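Spelled out, the chains give:
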Amino acid sequence: MAEVVLEHVYKRFGSVTAVQDFNLQIDDEEFMVFVGPSGCGKTTTLRMIAGLEEITEGTCAIGDRVVNDVPPKDRDIAMVFQNYALYPHMNVHQNMSFGLRLRKTPKDEIERRVREAAQILQIEHLLDRRPRELSGGQRQRVALGRAIVREPKVFLMDEPLSNLDAKLRVEMRASISKLHRRLGVTTIYVTHDQVEAMTMGTRIVVMKDGLIQQVDSPINLYDKPKNRFVAGFIGSPAMNFMVGTVEGDRIKSGQFDVKTDELLSQKLQGYNGKKVYLGIRPENIGLEGYTTIPERDNVIQANVDVVEPLGAETHLIASVDGEASIVARVDPHAEVRAGDKVKLFADVKFLHAFDLDTEVNLRFS
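Quick notes on the rules
Residues numbered from 1 in each chain as written. Predicted model: local features only at pLDDT ≥ 70, side-chain atom pairs only at ≥ 80, totals over all residues. Heavy atoms only, no water. Pairing = 2+ DSSP bridges. Helix = DSSP H or I, 4+ residues; strand = E, 2+ residues; numbered from the N terminus. Axes fitted to C-alpha atoms, helices over the stretch in contact; angles between N-to-C directions. Domains from an automatic or database assignment. Contact = heavy atoms within 4.5 Å. Buried area = accessible area lost by both parts, 1.4 Å probe. Salt bridge = Lys/Arg side-chain N within 4 Å of Asp/Glu carboxyl O. Nonpolar A, V, L, I, M, F, W, Y, C, P; charged D, E, K, R; others polar. Patch = residues over 30% accessible without salt bridge, like charges linked within 9 Å, V, L, I, M, F, W, Y side chains within 5 Å. Areas by Shrake-Rupley, 256 points an atom, 1.4 Å probe, with all protein chains shown as cover. Lys, Arg positive; Asp, Glu negative; His and termini not counted. Charge placed at Lys NZ, Arg CZ, Asp CG, Glu CD. Buried < 20%, exposed > 50% of the residue type's maximum accessible area, 1.4 Å probe, protein only.

With that settled, consider the sheet that holds strand 3 (residues 31-35). Within the open sheet, the six strands sit side by side as 6-7-8-3-9-10. Their pairing is mixed. Each having just a single partner strand, strand 6 (77-80) and strand 10 (211-216) make up the two edges of the open sheet. Each strand of the sheet is rotated relative to its neighbour by a mean of 15°, with strand direction disregarded. Here four bridges tie strand 3 to strand 9 (residues 203-208), and the two strands are oriented parallel to one another. Residue pairing for strand 9: M32 is matched across the bridge by R203.

If you want it as structure tokens, here you go:
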């Protein structure tokens, strides 16, 4: 096994900088997830670790060896691609063993590794089938099996579940997490799906425009986002943002007037009379008559635009001040319809405020 260390890594394509000043240490046996919107540089970074893209500047080390000039085949890594990359003319056994046969691994060792991997992934009964005879989930398991038999120091996974349907993605998420716990191999996983990131990662790297925005545990990213981008990207539905003016220990606008707790009030002392972004997650907003939130003076007046019943909860999509659109997760039995004017309450313990220019989270600055 091995740790992976990237120091001051840049990747430029002509005049375009895809990744800039990327610094990260991934510990031995860690499950690290790179997440961010399309074009943020996460796949490019993964490909630099794999050796499929040349590093423009900086160093990448796997274990105790800098691998900038080491060919991909000699880096002791195994990569799982988005499109499975299986050979259509080979059966499952041949696909899984192909890399080992190229390395002239002894036949009995190949057989042992393939059988063990197939048992772990529960695809022993598929070894004689060709890829076209498999479902999407089965193909993905074969791609994982091909990586496992390599017994690498590091697994690299590039959006391996994006081609699967929603139900199968949930199942495969659990399978990959169990696989990591069983094998204990350092794993770097790329996804644009923040739910995937939150449920799988030991730590998560949130990226935007080639830059690391925050590296942290899933719960810290959720509870303590460093800036507005991270706060809005992590969480489903996303955090709500509204612009208000700081007046003492309160943040106000035309349709909302909320009190801040002691910590946030102290952080906002230099912002009195200035505008900030107020942030509040949908689950920390209550609907009048259907909430236990105690701070009843933290009022948001809103006009309901859409009601989305989801069974266990209902999402209200409402407009505030005729501009901001917010989402509130409320009691599924709440009697509310589109067009209603409602009174919402914000839980003071979960309020965030962000600088209007830098977008840094003032609660944790």
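Time to look at the domain arrangement of the protein chain. What the domain assignment lists for the protein chain is domain 1 (4-232) and domain 2 (240-364). Spacing between the C-alpha centres of domain 1 and domain 2 amounts to 38 Å. Contacts between domain 1 and domain 2 engage 10 residues on the former and 10 residues on the latter. Buried surface at the junction of domain 1 and domain 2, summed over both partners, amounts to about 940 Å²; 52% is from carbon and sulfur atoms. On the surface where domain 1 and domain 2 come into contact, there are one salt bridge. R228 is paired through a salt bridge with E359; the nearest N and O atoms lie 3.4 Å apart. When contributions to the side of domain 1 that touches domain 2 are tallied by element, the ones reaching two or more residues are helix 7 (218-223) and helix 8 (228-233). Of the residues contributing to the side of domain 1 that touches domain 2, the split by class is four nonpolar, two polar and four charged.

Together, E3, D27, D28 and E29 make up a region of like negative charge exposed at the surface. Tracing the backbone shows D27 in the loop between strand 2 (16-26) and strand 3. With a relative accessible area of 34%, D27 lands in the partly exposed category.

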